[in-house]
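Examining the three-dimensional arrangement
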Protein chains: 2
Amino acid sequence: MAGVCRLGLLLAGAFGFASSAGYSYDTYYFTTKVDHFGYANNDTFKMRYLVADQYWDHDGGPIFFYTGNEGNIEVFANNTGLMWDWAPEFKALLIFAEHRYYGKSMPYGKESFEGPSRHGYLTVEQALADYADLLTHFKAHVPGAGDSKVVSFGGSYGGMLAAWFRLKYPHVTTAALAASAPILQFTGITPCNALNDVVTKAFAKESDQCTSAIRASFEVMRNQAATEEGAKALEEQFRLCQPLAPSNYTVLRDWFVDVYTNLAMVNYPYANQFLGPVPGHPVKEACKYLEKNFTDDQSLLDGIYQAISVFQNYTGQTHCNDPADSAGTLDAGGWDIQVLHTAFLVPRWDRCQSN
Amino acid sequence: MAGVCRLGLLLAGAFGFASSAGYSYDTYYFTTKVDHFGYANNDTFKMRYLVADQYWDHDGGPIFFYTGNEGNIEVFANNTGLMWDWAPEFKALLIFAEHRYYGKSMPYGKESFEGPSRHGYLTVEQALADYADLLTHFKAHVPGAGDSKVVSFGGSYGGMLAAWFRLKYPHVTTAALAASAPILQFTGITPCNALNDVVTKAFAKESDQCTSAIRASFEVMRNQAATEEGAKALEEQFRLCQPLAPSNYTVLRDWFVDVYTNLAMVNYPYANQFLGPVPGHPVKEACKYLEKNFTDDQSLLDGIYQAISVFQNYTGQTHCNDPADSAGTLDAGGWDIQVLHTAFLVPRWDRCQSN
């Protein structure tokens, strides 16, 4: 692959890699500013990006640019099959750029989350500026890329970024493909419980029995968690990594919501590892354990445990369940901070009227 | 003016004012963030803005929004007659927003320029975000403004801002009128001496004799300034506020370039006070003193002194000339810092091939 070698010479530090999904790309790091919009802070950091040029027409072929979202960029590269499927047809160069404060793109290394003076640069605006800076540099220095049209791609929050990138940097990117991107999911624009409604529908599509069982289980768990003894039983029932007490029942409840939401998000017809290993049609698989007439609370909770294990423990390798970490393999430690400091509408069980 | 009262009730701190140009507006202050793109710094400051609603159709009339540039916003309000001329016809609300770090909109008061930690937020991106923040707040809180279309206006750097505002905040402003805006005046896009060429043409349009005299004067001054004695004579000749020595001749030279540039910039057919009081057709007035066959250096320098006095001392009130301050009445102390930290192409006599 002459192109890869050419890139390798230009951009030191490439590591060739064929992923578990069978995709082949090289890894690079680009030095950019921590703050793109002022000069009170002139720190820089290295952001990671992946390049696959085996399909690229070096004489003007387009650049498909993935605007990385909240996680290790390799996960998105390996789960965005569309870009790999289309690359040969369009003779496109693929770039997957990692979002600052995720994966290996930490502005302040291990101290990146130590206080607002460090994580205060974890914003959408700064991330978009990273991508614009990277692309501008890339097009200026990689032979053949100067005149290439750029199409930004992204899924979920990454899709929001892809669309916003086109809006805010129209001179850098020509088009955007925003997949499953809740661009309008902000307070005052979209009802608070819109996401929960969609998640519920994904399960209701399997059967009313499934959603009824889930609904009933929340009531059972809430009652049971009211006592120390009951909370302890739930802790064991769901093999939690941390102790459960009546005072932190909401952590358990919110984690269940996250797990059901994750099941709905990865409800693809094929087995995948996007948020963790799951079978094809995972919602259907989960509901199989709930489509019964439960005669007592214990058998209901047993069914619930089996249902969530479709997401939590499909391979049988999970030793305990950690309600504090529902992001699966995404490595999305920065997400909670980002949500806190932006207007993202992340539905919360306790904030929205839910069904 | 019911509208003004209504605004006054909503937005405390308005001061009615009829300017020397006869324009009537009220003054307000809006609290916004020093850093709009992160939260490492959560400081806020008050930005000044002027509002004239005497022409406004409160039921959907448009908002004409001046994106303030490098100076006291009142100067721009009083010298942007177009907005005042058009306001009655379009039944428009006029807003003139002051650029951060100019006039009374100082993020850190008198310490605003004390080091990068203070003036590091003097950037185009932050200023545009101020305007977006102000308009968003204004439209949300002023009755009748919610559905008003916004047209951004600006001249010179303010025109660049008006255009960029439309590009970067298309959801906030519907159109932009960028007047005399050197949007493409960046290195690599526009020749370095493009501005100087235009300035020269403004004088050449009067007569070749005028430009020849100016050209000759630079040679005369350079030779004369080479000695302490000659520099002292120039200091007295041009009534400089500070001592002139051979070592700082370039300050004098650059100041002359600025004065000629200012004359060209305010070369309106009518008397105006935009950068300071000048007569109508000021370049023509200046050239009148130079369209002679000078027989010796002294008479040439006398003519030059009279020519620059058309800009520097039209009213006879100037006691001495300060080459360190060529911005006239704009109060543009932050401009040098801004130029230093952006890619603005400000032609320099010593950097560009000039004519």
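Think of each chain on its own: its residues are numbered from 1, step by step along the sequence as written. Ligands are numbered from 1 and chains lettered from A, in the order in which they are written. Owing to the predicted nature of the model, reporting of local features is limited to residues with pLDDT of at least 70; listing and counting of side-chain atom pairs is limited to 80 or more, with chain, interface and lining totals taken over all residues. Computation of side-chain values: all heavy atoms of the structure, hydrogens and water removed.

**Comments concerning the domain arrangement of chain A**
All names here are of chain A. Structurally, chain A comprises domain 1 (26–179) and domain 2 (193–330). Its C-alpha centre places domain 1 at a distance of 34 Å from the equivalent point of domain 2. Taken together, the contact between domain 1 and domain 2 spans six residues of the former and four residues of the latter. Two parts placed together each lose some accessible area under a 1.4 Å probe, and adding up what both lose gives the buried area. Between domain 1 and domain 2, a total of about 430 Å² is buried, with carbon and sulfur atoms accounting for 65% of that surface. Contact with domain 2 buries area across many residues of domain 1, yet V75, F76 and N79 alone supply 70% of it, more than any other trio. Note on definitions: salt bridges are taken to be side-chain nitrogens of Lys or Arg within 4 Å of carboxyl oxygens of Asp or Glu. Taken together, the links from domain 1 to domain 2 amount to zero salt bridges. Looking at the side of domain 1 that touches domain 2, its residues break down into two nonpolar, three polar and one charged. Domain limits in this description derive from either an automatic procedure or a database domain assignment. In what follows, a contact means two residues having at least one pair of non-hydrogen atoms within 4.5 Å. Side-chain classes follow a simple rule in which Ala, Val, Leu, Ile, Met, Phe, Trp, Tyr, Cys and Pro form the nonpolar group, Asp, Glu, Lys and Arg form the charged group, and the remainder, Gly included, forms the polar group.

**Comments concerning the interface of chain A and chain B**
The partner chain B presents 21 residues to the 21 residues of chain A that form the contact. In total, chain A and chain B occlude about 1,600 Å² of area from one another, counting both sides; carbon and sulfur atoms represent 59% of this. Contact with chain B buries area across many residues of chain A, yet A:F37, A:Y39 and A:K168 alone supply 46% of it, more than any other trio. Taken together, the connections running from chain A to chain B amount to zero salt bridges. Side-chain atoms alone can form a polar contact between residues adjacent in sequence; in general such a contact is a pair of N or O atoms within 3.5 Å, and within protein one must be able to donate a hydrogen while the other accepts it. Taken together, chain A and chain B are joined by seven residue pairs in polar contact (both at pLDDT 80 or more). Secondary structure elements follow DSSP: runs of H or I of four or more residues count as helices, runs of E of two or more count as strands, with numbering from the N terminus. When residues of the side of chain A that touches chain B are traced back to their parent elements, those giving at least two are α4 (116–119), α5 (124–141), α6 (157–168) and α13 (335–341) of chain A. Ranked by residue count, the leading element in the side of chain A that touches chain B is α4(A), at three residues. Across the side of chain A that touches chain B, the residue classes break down as ten nonpolar, nine polar and two charged.

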